[in-house]
Amino acid sequence: MTHFTFLCLEDFPLAALSMAIDPLRVANEISRSDGLGWTVVSEDGQQIMSSSRLSINPDKALSEVEETDVVLVFAGASARLKDRKASGGALRRLLSRGARIGSVSGSLFALAEEKFFDGYRCSAHFCYTAALKEQFDRVNLCDTLYTIDRNRMSFAGTSAVFEFMLGLISDEVSDAVAVETACWFQYATLRDADTLQVLPGYSKNQTRNALPRPVRRAIELFANNIENKISIEQVSQRVGMSIRQLERHFKKETGISPGGYYRRLRLDAARQKLLYTDQPLQEIALSVGYDSASSFSSNYRREFGLPPTQERKDRSRGARHAALSFGHRPSQSPGHLDQHVVN
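Residues numbered from 1 in each chain as written. Predicted model: local features only at pLDDT ≥ 70, side-chain atom pairs only at ≥ 80, totals over all residues. Heavy atoms only, no water.

Right, let's get into the overall build of the chain. When helices and strands are tallied, the chain shows 15 helices and eleven strands. When burial is assessed residue by residue, the chain has 50% of its 343 residues classed as buried. Here the contacts in the chain between residues at least 6 apart in sequence split such that 68% fall between residues at least 24 apart. Counting every atom, the chain has about 15900 Å² of accessible surface; 47% of that belongs to carbon and sulfur. (Helix = DSSP H or I, 4+ residues; strand = E, 2+ residues; numbered from the N terminus. Buried < 20%, exposed > 50% of the residue type's maximum accessible area, 1.4 Å probe, protein only. Contact = heavy atoms within 4.5 Å. Areas by Shrake-Rupley, 256 points an atom, 1.4 Å probe, with all protein chains shown as cover.)

Another point: the side chain of Ser103. Here Ser103 lies in strand 7 (residues 100-104). The contact partners of Ser103, leaving out residues within four places of it in the chain, are Val73, Leu108, Leu111, Phe117, Met153, Ser154 and Phe155.

All right, on to the sheet that holds strand 2 (residues 37-42) then. Spatial ordering of the open sheet is given by 5-2-1-6-7-11-10, a layout of seven strands whose pairing is mixed. Across the chains shown, the open sheet's two edge strands, defined by having one partner strand only, are strand 5 (60-61) and strand 10 (146-149). Of the pairings in the sheet, the one linking strand 1 (residues 3-8) to strand 2 comprises five bridges and is parallel in character. Looking at strand 2, one finds that Thr5 is bridged to Thr39. (Pairing = 2+ DSSP bridges.)

What follows deals with the packing of helix 5 (residues 158-172) against helix 6 (residues 175-184). Closest axis-to-axis distance for the helix 5/helix 6 pair is 6 Å, and the angle between their directions is 150 degrees. Regarding the angle of helix 5 to helix 6, the classification is roughly antiparallel. Residues Leu166, Ile169 and Ser170 of helix 5 touch helix 6, and the partners they reach there are Asp175, Val177, Ala178, Thr181 and Ala182. (Axes fitted to C-alpha atoms, helices over the stretch in contact; angles between N-to-C directions. Parallel < 35°, antiparallel > 145°, perpendicular 65-115°, else oblique.)

Confidence along the chain averages 85 in pLDDT terms, with 85% of residues attaining 70 or more. Long-range and interchain partners of residues 318-343, a stretch whose pLDDT sits below 50, account for 63 contacts in this model, where long-range means more than four residues apart. (pLDDT = per-residue confidence, 0-100.)

The subject of this paragraph is the packing of aromatic side chains. All chains considered together, the criterion is met by 15 aromatic pairs. Ring plane angle 80 degrees and centroid distance 5.8 Å describe the contact between Tyr146 and Phe164, whose orientation is recorded as edge-to-face. Residue Tyr146 is located in strand 10, and its partner Phe164 is located in helix 5; the two are separated by 18 residues in the primary sequence. Here the two residues Tyr146 and Phe164 agree in accessibility, since each one is buried. Over the ring of Tyr290 we find Arg266, and its NZ or CZ is 4.5 Å from the ring centre. (Phe/Tyr/Trp six-rings, centres within 6.5 Å; stacked < 30°, edge-to-face > 60°. Lys NZ or Arg CZ within 6 Å of the ring centre and 35° of its normal.)

Moving on, we get to the environment of Phe304. Relative to the assigned elements, Phe304 resides in helix 12 (residues 293-304). For Phe304, a relative accessible area of 12% corresponds to the buried category.

A separate point is helix 1 (residues 14-31). A rise of 1.5 Å per residue sets the reference length of helix 1, with its 18 residues, at 26 Å; its end C-alpha atoms lie 26 Å apart and thus fit the reference within 8%. All of the buried residues in helix 1 are Ala16, Leu17, Met19, Ala20, Ile21, Pro23, Leu24, Val26, Ala27, Asn28 and Ile30. Positive backbone phi, at 55 degrees, marks Arg32, one or two positions downstream of helix 1. (Expected span 1.5 Å × (residues − 1).)

Once that is clear, we can look at the nonpolar core. Judged by nonpolar contacts, the single largest core of 35 residues is most densely connected at Leu7, Leu9, Leu91, Phe109 and Phe117. Of all the secondary-structure elements, those providing two or more residues to this core are strand 6 (70-74), helix 2 (84-96), helix 3 (107-113), helix 4 (129-135) and helix 10 (258-276). Broken down by element, this core gets its largest block of residues, five residues, from helix 3. Dropping the residues within four chain positions of it, Phe117 is found in contact with Ile101, Ser103, Leu108, Leu111, Cys122, Arg138, Val139, Arg152, Met153 and Ser154. (Core = buried A, V, L, I, M, F, W, Y, C linked by side-chain atoms within 4.5 Å.)

Put into structure tokens, the structure is as follows:
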């Protein structure tokens with residue numbers, strides 16, 4: 001059976017930790033065994049604060065862990081190892097003893113900084129991918145729920161951890177216990193590691209995956225051309241529509257024009273880099289297709305309600321809540337939402 005060590009760093013996601021532990025607890029209860037085990041640790045064994053501002057008291061310090069099967073790291077995107085030499089050494093020691101190491105959502109920043117994922121495929125939450133690509137070019141990012149590459153594991157978020165645990169329970173206990181565990185949580189759909197992440201569609205009631213195919217294909221083209229801008233005419237040709245047809249479809253499904261949607265994607269990528277990297281403002285502007293910092297700043301302020309310089313100054317607060325506020329915009333006039341010019 002498998003024993004997990006859950007390492008919590010500053011601003012760790014409480015829901016993700018719970019959804020890692022609770023399926024194991026329930027499976028043990030259903031099977032009347034204690035075969036699936038876990039230990040919660042912090043770097044120094046002291047109380048640690050979650051992003052929900054609730055604290056937990058860990059079982060021990062990371063350095064006290066002698067052996068384990070899997071180390072899953074939970075952290076906010078801005079958190080890093082406080083004692084890089086000692087904690088990094090402890091993680092490498094556990095790897096050398098056969099453990100696997102995994103990142104959950106924002107903890108990929110901390111582990112990638114210590115080069116634990118150099119040359120490995122890994123899954124990252126969509127709200128962090130632009131910043132991760134900018135900082136860690138040796139990490140091969142995937143857009144799946146979770147990825148297992150040799151002795152490295154990575155999870156895009158809370159549900160990805162839960163899905164993995166259900167699969168583990170199926171393999172190590174039984175399919176029946178895994179299904180019953182899912183039912184305890186009223187969870188109806190079991191997905192595997194190859195499942196793509198669900199992405200926001202910026203529509204009133206649909207995810208990106210559920211949008212009509214031409215609109216979804218156009219969005220993919222926009223998303224793949226953040227730095228080197230693609231024209232609306234080129235996109236319309238690629239999806240087999242006239243510009244007018246494409247604009248009509250976009251307006252119906254999302255409430256904004258293709259150009260307005262494209263601008264949102266580019267500014268969302270810029271916001272990730274602003275919050276999670278130290279890249280200069282001018283470079284960020286260029287990396288999302290703006291020729292000048294002034295034009296970028298003007299559009300950024302209109303989209304998010306404050307200038308990028310202010311957001312960066314306040315990023316200790318902003319980074320903590322970015323995953324919650326991603327996609328949210330301040331109240332805007334219809335004239336702004338219906339702009340057809342790609343700024």
